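Chain and residue survey
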Amino acid sequence: MILLDVLASNPRLEGFINSLIEQGSHLGWTIIKAVIVFVVGRFIIRMINKLVRRILTKRDFDPSVKTFVGSLVNVTLMVLLIISVVGALGVQTTSFAALLASAGVAIGMALSGNLSNFAGGLIILLFKPYKVGDYIESQGVGGTVREIQIFHTILLTADNKNIFIPNGSLSSGVVTNIGNEPTRRVEWTFGVEYGSDFDHVKSVIENVLAKESRVLDNPAPFIALSALADSSVNVVVRVWVKSSDYWGVYFDTNKAIYETFNAESIGFPFPQLTVHQVKN
């Protein structure tokens, strides 16, 4: 009652409170609209992303294209959602666009790295130096390509780590694609003691390789005396295998050579130093 009496005696205060209530209700409704736009927009984006993935899967696109397009669609929809939320908050989208345009130079400089990464992603998809599933080495790291996104390529290392490499660096730098070819060459260098019969050593290695079914006959295995080192006679061995068999052949052959050399009394050398004493 006292408040009503005060308001009745002070029209200005009554008008101020009514204006405050009206603006508060308008602001609350604006915020509610923005929240509804955001929630509905996120739901629609999820549905569109699922639809895009389903279409790409049915069309049997390359996995590299699937991940890139999926990432591009998601980012584009999120930008549109942000603009819609800003519009729902009462900010004129034309004014918002004009503000972005006026700040375009600064934004362009700030995003120059990401723009180069985006362009790098397009170059990778166009020229295909690698694709999803290939094992590559670049920027001092190596791993299997898991995804090609619009800004980064994700590698999965042998010890199950995810490495994000900018597409700009991959498109302009050196990339070694190990998994692109169906076959790979395996190479060993075995050191034997000086005085060992090279023909016997070569024959033993040939027998070991002949028992390894994963070694390809064409190109034929190559065995040669490569160097007379300080403490050993080095024998180089080169064979070709399927890319998927590389590490299995490498480790299994190491084990077989070690066991066979011991059985054939072929000695492995140790570093030696001969000291001559001069008598005065």
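In what follows, the structure referred to is the one given above.
Read on for a plain summary of the structure.

Rules of the game
- Residues numbered from 1 in each chain as written.
- Predicted model: local features only at pLDDT ≥ 70, side-chain atom pairs only at ≥ 80, totals over all residues.
- Heavy atoms only, no water.
- Pairing = 2+ DSSP bridges.
- Helix = DSSP H or I, 4+ residues; strand = E, 2+ residues; numbered from the N terminus.
- Core = buried A, V, L, I, M, F, W, Y, C linked by side-chain atoms within 4.5 Å.
- Buried < 20%, exposed > 50% of the residue type's maximum accessible area, 1.4 Å probe, protein only.
- Contact = heavy atoms within 4.5 Å.
- Salt bridge = Lys/Arg side-chain N within 4 Å of Asp/Glu carboxyl O.
- Phe/Tyr/Trp six-rings, centres within 6.5 Å; stacked < 30°, edge-to-face > 60°.
- Lys NZ or Arg CZ within 6 Å of the ring centre and 35° of its normal.
- Axes fitted to C-alpha atoms, helices over the stretch in contact; angles between N-to-C directions.
- Parallel < 35°, antiparallel > 145°, perpendicular 65-115°, else oblique.
- Left-handed = near helix turned anticlockwise from the far one by under 90°.

1. Notes on the sheet that holds strand β4 (residues 162-166)
Pairing within the open sheet is antiparallel, and its 5 strands lie in the order β4-β3-β2-β1-β5. Whereas interior strands pair on both sides, the edge strands pair on one side only; in this sheet they are β4 and β5 (176-177).

2. Looking at the nonpolar core
Ranked by internal contacts, the top residues of the largest apolar core, which has 21 residues, are Trp188, Val201, Ile205, Val237, Val239 and Phe261. At the level of elements, β6 (183-192), α8 (198-211), β8 (233-242) and α9 (246-263) are the ones that each hand at least two residues to this core. Setting aside its immediate chain neighbours within four residues, Val239 contacts Arg184, Arg185, Val186, Trp188, Leu209, Val215 and Pro221. In terms of nonpolar packing, the next biggest core, distinct from the first, is built from 11 residues, Ile124, Leu125, Ile150 and Ile165 among them.

3. Here's the deal with the side chain of Asn117
Within the secondary structure, Asn117 sits in helix α6 (residues 112-127). Those residues in contact with Asn117 that sit more than four places away from it in its chain are Ile150, Phe151, Pro166, Asn167, Gly168 and Ser169.

4. Observations concerning the pattern of salt bridges
With the rule as written, the count across this model stands at 7 salt bridges. Of the charged contacts in the structure, one is a salt bridge between Lys131 and Asp134, with a shortest N-O distance of 3.4 Å. Residue Arg214 is joined to Asp252 by a salt bridge in which the shortest nitrogen-to-oxygen separation is 2.6 Å. Of the two residues, Arg214 is situated in the loop between α8 and β7 (222-228) and Asp252 in helix α9; the sequence distance between them amounts to 38 residues. Residue Arg214 is classed as partly exposed on the basis of its relative accessible area, which comes to 26%. The exposure class of Asp252 is partly exposed, given its relative accessible area of 39%.

5. Looking at the packing of aromatic side chains
Geometrically, a pair of aromatic rings is defined through the distance of the ring centres and the angle of the planes. Applying the stated criterion across every chain yields a total of 10 aromatic pairs. Aromatic pair Trp188 and Tyr250: ring centres 6.1 Å apart, planes at 10°, arrangement stacked. Taken together, the positions of Trp188 in strand β6 and Tyr250 in helix α9 put the pair 62 residues apart, joining distant regions of the chain. Here Tyr250 falls in the partly exposed class, since its relative accessible area comes to 24%. Three or more aromatic residues joined by ring pairs make a cluster, and in this case those are Trp188, Phe190, Tyr246, Trp247, Tyr250, Phe251, Tyr258, Phe261 and Phe268. Over the face of the ring belonging to Tyr246 we find Arg184, whose NZ or CZ atom lies 3.7 Å from the ring centre.

6. What to know about the packing of α8 against α9
It is the contact of α8 with α9, at a shortest axis distance of 10 Å, that shows an interaxial angle of 135°. Judged by the inter-axis angle, α8 sits oblique to α9. The two elements α8 and α9 cross, and the hand of that crossing is right-handed. Where α8 abuts α9, its residues Val201, Val204, Ile205, Val208 and Leu209 lie against Thr253, Ala256, Ile257, Thr260 and Phe261.

7. Things to note about the sheet that holds β7
Strand order across the open sheet formed by 3 strands is β6-β8-β7, with antiparallel pairing between neighbours. Pairing within the sheet leaves two strands with one partner each, and these edge strands are β6 and β7. Between one strand and the next, the sheet's axes are offset by a mean angle of 25°, whatever the strand orientation. Both β7 and β8 contribute to a ladder of 6 bridges, which runs antiparallel. Bridging from a neighbouring strand, Leu228 pairs with Val233 of β8. Seen against the sheet, α9 touches β6 and β8 and runs at an angle of roughly 25° to β6.

8. Considering the pairing of strand β2 (residues 141-148)
Pairing between strand β1 (residues 135-138) and β2: 4 bridges, direction antiparallel. Residue pairing across strands places Glu137 opposite Gly142, the latter belonging to β2. Joining the antiparallel neighbours β1 and β2 is a turn of 2 residues, in which Gln139 adopts a positive phi near 55°. Of the strand pairs in this sheet, β2 and strand β3 (residues 152-156) are connected by 4 bridges, and their pairing is antiparallel. Counterpart to Ile148 in the pairing with β3 is Thr153. The antiparallel pairing of β2 with β3 creates a hairpin that spans 3 residues between the two strands.

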